[in-house]
Amino acid sequence: MAEACRTLLDTALPDELVIEGGATAFAILRRMPWHTLSVTDEIAPGVVRCKPLYSASDNKQPDIHITLKPGSYEWGNIWK
C-alpha cells in the first residue's frame, strides 16, 4: 500500500491525502520525502490535518495537506 501510494504521489501530487489507520499512516509517511509535518487543523478529536514543511529530495515545501485519522475512530460528521 505504501509503495503504491508513493508511486501515485510521484506521478501526480493531489491537494489532499487522507490516511486512515496509524500503521497505514506510518508505512506511507515513512516512504515519503517529508520529514517534518506541521499540524494546521484538528478536524475532530484525534483527527489532524498537516502540511509537510519541506521535501528532503528538493528542499521545497510541497503543496499538499495530509489528514490523519486513527483507524479506531468513527468517521462521524467530520467531512461536513
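It should be noted that the structure appears before, not after, this text.
Residues numbered from 1 in each chain as written. Predicted model: local features only at pLDDT ≥ 70, side-chain atom pairs only at ≥ 80, totals over all residues. Heavy atoms only, no water.

Undergrad: How should I be thinking about the pairing of strand S4 (residues 65-69) in this particular structure?
TA: Regular strands place their side chains on alternate faces of the sheet. In terms of burial, S4 is largely enclosed, as five of its five residues are buried. Going residue by residue along S4, you find His65, Thr67 and Lys69 tucked away on one face and Ile66 and Leu68 tucked away on the opposite face as well. Bridging between strand S1 (residues 16-20) and S4 involves five bridges; their strand directions are parallel. Note that in S4 the partner of Glu16 across the bridge is His65. Across three bridges, strand S3 (residues 47-52) lies against S4 in antiparallel orientation. Considered in S4, the bridge of Val48 is made with Leu68. (Buried < 20%, exposed > 50% of the residue type's maximum accessible area, 1.4 Å probe, protein only. Helix = DSSP H or I, 4+ residues; strand = E, 2+ residues; numbered from the N terminus. Pairing = 2+ DSSP bridges.)

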